[in-house]
Amino acid sequence: MTNDCLMLLHCGKFHLDLSRPKVMGIVNVTPDSFSDGGRHLSHAAAIAHAHRLIVEGADMLDIGGESTRPGAAAVGEQEELERVLPVIEGLRDIAVPISIDTWKPAVMRAALAAGASMVNDINALQAPDALEAVAESDAAVCLMHKQGNPENMQLAPRYADVMDEVMSFLRLRVQAVQAAGIARERIAIDPGFGFGKTLEHNLALLKNLRDFAALGVPVLAGLSRKSMLGAITGQDVDHRQTASVAAALIAVQRGAAIVRVHDVRETVDALKVWDAVNSENHISHG
Ligand code: 9MG
């Protein structure tokens, strides 16, 4: 599938060609993800899961040690480091970029030193010292919009105009990040589906996702298994795979360059079908 943004994303030694959409596989290293008791087993399970996602076709991995679900409490820096670092170190030699999902500068620095080449920050590098932590590396960064924090963000999301506010926020953050010395080729943006948004807000963002591409940097969309899909389908979180694949396809159709997903194999297959229909080099019938 050719996407209309002919862009590269520079993630350390990796230069991702985004003329075709990329699939970012989610590896959560939180107690509820690999709840097998001991820490060593959790790390081994997370590493095995990451390898499985690569076999299934993930173009990159997003590793996180702090849950960002609505209502989730923050974890301490040391705890987060103990969760994610052994996993990143265990994946150091894989052939796809590793993104670290964190808003904490100390975790960013340690993860980048351990082999990560992208920072996925739900706080858009607004924490003190976060800009510097990424600027002193050659890593890429994803700047996400949110209203509030995971603990309180779904209590009463409110916008005068959700598109206008999210676009303005991301425009300003791209400017701030560039001013800190991070080149445009290292920046992606994300409207932050479900982060301080009602179903109506999320639908408005998805309908108008293409407008974000006008900011001139790749758009990442994370819709996988989110409660907006539960609200639409009536399915609980364990039965939102079909809705998640549909949402990823819609996001790509509307200009997303990267989709962040749990169900890599299914998303990759769906994108292959889409690509076969949309690519210029159709299979000919002889
Ligand atoms: C960590 N995380 C959870 N949901 C996310 C989303 O939608 N986008 C990004 N960038 N990160 C997310």
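Structural data are supplied above this passage.
Residues numbered from 1 in each chain as written. Predicted model: local features only at pLDDT ≥ 70, side-chain atom pairs only at ≥ 80, totals over all residues. Heavy atoms only, no water.

Asker: So what exactly am I meant to see when it comes to the overall build of the chain here?
Answerer: Within the chain, the regular secondary structure consists of nine helices and ten strands. The C-alpha atoms of the chain give 18 Å as radius of gyration, which agrees with the globular expectation for 286 residues (19 Å, within 12%). In terms of principal-axis extent, the alpha carbons of the chain reach across some 55 × 50 × 45 Å. By residue count, 53% of the 286 residues in the chain fall in the buried class. (Helix = DSSP H or I, 4+ residues; strand = E, 2+ residues; numbered from the N terminus. Rg over C-alpha atoms; globule rule 2.2 N^0.38 Å. Buried < 20%, exposed > 50% of the residue type's maximum accessible area, 1.4 Å probe, protein only.)

Asker: So what exactly am I meant to see when it comes to helix α6 (residues 199-207) here?
Answerer: Given 3.6 residues to a turn, an α-helix orients residues that are three or four positions apart in the same direction. For α6, the set of buried residues is H201, N202, L205 and L206. Summarising the axial view, the buried residues of α6 lie within an arc of 130°, below the 170-degree limit, and thus occupy one face. Set apart from the buried face of α6 by more than 90 degrees, the exposed residues are E200 and K207. (Arc of directions from axis to C-beta.)

Asker: Any chance you could explain the pattern of salt bridges here in plain terms?
Answerer: Side-chain pairing between opposite charges can occur once the charged atoms of the two side chains come close. In this structure the tally under the stated criterion is ten salt bridges. Close ionic contact of E79 with R83 constitutes a salt bridge, the shortest N to O distance being 2.9 Å. Highlighted residues: E79 and R83, both in helix α2 (residues 77-90), separated by four residues, approximately one helical turn. Given the relative accessible area of 10%, R83 is considered buried. (Salt bridge = Lys/Arg side-chain N within 4 Å of Asp/Glu carboxyl O.)

Asker: Help me out: how do you make sense of the site of the ligand in this one?
Answerer: Around the ligand sit T68, D101, N120, I122, C142, M144, D190, F195, L220, G222, K226 and R260, and those are all the residues in its vicinity. N120 is positioned with one of its side-chain polar atoms (N or O) 2.7 Å from a nitrogen atom of the ligand. Split into classes, the residues belonging to the shell around the ligand amount to five nonpolar, three polar and four charged. (Near = heavy atom within 4 Å. Polar contact = N/O pair within 3.5 Å; in protein donor to acceptor, adjacent residues only side chain to side chain. Nonpolar A, V, L, I, M, F, W, Y, C, P; charged D, E, K, R; others polar.)

Asker: Help me understand the packing of helix α8 (residues 241-253) against helix α9 (residues 264-278) in this model?
Answerer: Packed helices, taken two at a time, are described by the angle their axes make and the gap between the axes. At a closest axis distance of 10 Å, the pairing of α8 and α9 adopts a crossing angle of 45°. The orientation of α8 with respect to α9, classified from their angle, is oblique. The two elements α8 and α9 meet at a crossing, and its hand is right-handed. Packed against α8, whose contacting residues are Q241, V245, A248, L249, V252 and Q253, the element α9 presents E266, T267, A270, L271 and W274 at the interface. (Axes fitted to C-alpha atoms, helices over the stretch in contact; angles between N-to-C directions. Parallel < 35°, antiparallel > 145°, perpendicular 65-115°, else oblique. Left-handed = near helix turned anticlockwise from the far one by under 90°. Contact = heavy atoms within 4.5 Å.)

Asker: How do you make sense of the packing of α2 against helix α3 (residues 105-114) when you look at a structure like this?
Answerer: For the pair α2 and α3, interaxial distance at closest approach is 10 Å and the crossing angle is 15°. The orientation of α2 with respect to α3, classified from their angle, is roughly parallel. Where α2 crosses over α3, the handedness of that crossing is right-handed. Contact residues: α2 offers E77, E80, L81, V84, L85, I88 and E89, while α3 offers A106, V107, A110, A111 and A114. Classifying every residue of the contact of α2 with α3 by side-chain character gives nine nonpolar, no polar and three charged.

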